[in-house]
Amino acid sequence: YFTFGSFNNFDKINSDVAFTWSKILKEIDNSKLVLKTSSKKLATKRLKELFAKNNVLDSIKFIDREPEFQMHLENYNHIDIALDTFPYNGVTTSFEAIWMGVPVLTMAGYNFNSRCGESINKNLGMEQLIAKDEDEYVRKAVNLTNNYEDYINLRKSIFNDAIKSPLFNVHDYSKSFFEALKKIVK
């Protein structure tokens, strides 16, 4: 089976997100969705109700917060594709997923908060993982699972591509930041 995942704050998972993710689960046989629980019991209860309403609760696995960061990162090893929330995208969770070699499917938004995922994927040269609306988001998820060789090639390249990108190149970032500070001081 194919496993999707999201470790984003549960407050970012609204009814539109739950409905869209449910459509993905319904269209892809034996697919699963792993959600990392937040500390809020009410948020978990609300999500279970949303997914039950969409008849996919049996395809959802909730996991608890990990006490150690390394254990948290290891949870990404059980995910094939990370699903970004919308309109409020993940940022830290997107970087974590990419660092662990997991592609992040996101949707382009209309303001800063809703364009973070788009910006991250554009800087990585992964425009194929940016959807313009919910229908395209579902189509892109389905296409990734149906084109397994393309998916595997993406998984193999994502970490190395990320390391070379401006987002992960700490040496160039530090150098540019230092040069900017020098200009400010002058």
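Residues numbered from 1 in each chain as written. Predicted model: local features only at pLDDT ≥ 70, side-chain atom pairs only at ≥ 80, totals over all residues. Heavy atoms only, no water.

Caption draft 1: Representation of the pairing of strand β5 (residues 104-107). Taking every second residue as pointing to the same face, both faces of β5 are buried, with V104 and T106 on one and L105 and M107 on the other. Across two bridges, the pairing between strand β4 (residues 81-83) and β5 is parallel. When the sheet's bridge partners are listed, A82 is paired in β5 with V104. At this point the chain moves from β4, through helix α4 (residues 92-99), to the parallel β5, and the crossover so formed is right-handed. Inspection of the sheet shows β5 paired to strand β6 (residues 130-131) by two bridges, in the parallel sense. If you follow T106 over to β6, its bridge partner there is I130. Note that the unit made of β5, helix α5 (residues 112-123) and β6 has a crossover that is right-handed. (Buried < 20%, exposed > 50% of the residue type's maximum accessible area, 1.4 Å probe, protein only. Helix = DSSP H or I, 4+ residues; strand = E, 2+ residues; numbered from the N terminus. Pairing = 2+ DSSP bridges. Right-handed = clockwise from strand over helix to strand, strands pointing away.)

Caption draft 2: View of the packing of aromatic side chains. Taken as a whole and judged by the stated rule, the model has 10 aromatic pairs. Taking the centre distance of 5.5 Å and the plane angle of 65° together, the rings of F86 and Y137 count as edge-to-face. Taken together, the positions of F86 in the loop between β4 and α4 and Y137 in helix α6 (residues 134-146) put the pair 51 residues apart, joining distant regions of the chain. Accessibility classification places F86 together with Y137 in one group, the buried group. Taken together, F2, F4, Y148 and Y151 form an aromatic cluster joined through their ring pairs. Positioned above the aromatic ring of F7 is the side chain of K36, whose terminal nitrogen or guanidinium carbon lies 5.0 Å from the ring centre. (Phe/Tyr/Trp six-rings, centres within 6.5 Å; stacked < 30°, edge-to-face > 60°. Lys NZ or Arg CZ within 6 Å of the ring centre and 35° of its normal.)

Caption draft 3: Representation of the nonpolar core within the structure. In terms of nonpolar packing, the biggest core is built from 50 residues, with F4, W21 and L35 touching the most fellow members. Beyond its immediate stretch of four places on either side in the chain, F4 contacts I24, L25, I28, S31, K32, L33, V34, I79, I81, L83, A141 and T145. (Core = buried A, V, L, I, M, F, W, Y, C linked by side-chain atoms within 4.5 Å. Contact = heavy atoms within 4.5 Å.)

Caption draft 4: Spatial organisation of the sheet that holds strand β3 (residues 60-63). Taken together, six strands build an open sheet; the order of strands is β3-β2-β1-β4-β5-β6 and the sheet is parallel. The outermost strands of the open sheet, each flanked by one partner alone, are β3 and β6. Contacts from α5 reach β5 and β6, with the element oriented near 130° to β5. Most of the contacts of α6 go to β5, to which it runs at about 165°, and overall it touches β1 (3-6), β4, β5 and β6. (Axes fitted to C-alpha atoms, helices over the stretch in contact; angles between N-to-C directions.)

Caption draft 5: Examining the packing of helix α1 (residues 15-27) against α6 more closely. Contact geometry of α1 with α6 gives a least axis separation of 10 Å together with a crossing angle of 35°. The two elements α1 and α6 cross, and the hand of that crossing is right-handed. Packed against α1, whose contacting residues are T20, W21, K23, I24 and E27, the element α6 presents E134, D135, Y137, V138, A141 and V142 at the interface. Here the residues of the contact of α1 with α6 are counted per class, giving six nonpolar, one polar and four charged. (Left-handed = near helix turned anticlockwise from the far one by under 90°. Nonpolar A, V, L, I, M, F, W, Y, C, P; charged D, E, K, R; others polar.)

Caption draft 6: Fine view of the pattern of salt bridges. Evaluated as defined, the whole model comprises five salt bridges. In this structure, the salt-bridge partner of E179 is K182, at a minimum N-O distance of 3.6 Å. Of the two residues, E179 and K182 are both situated in helix α8 (residues 170-185); the distance of three residues between them amounts to about one turn of the helix. According to the relative accessible area criterion, E179 is partly exposed, its value standing at 36%. (Salt bridge = Lys/Arg side-chain N within 4 Å of Asp/Glu carboxyl O.)

Interpretation note: all reported values are geometric properties and have no functional meaning in isolation.
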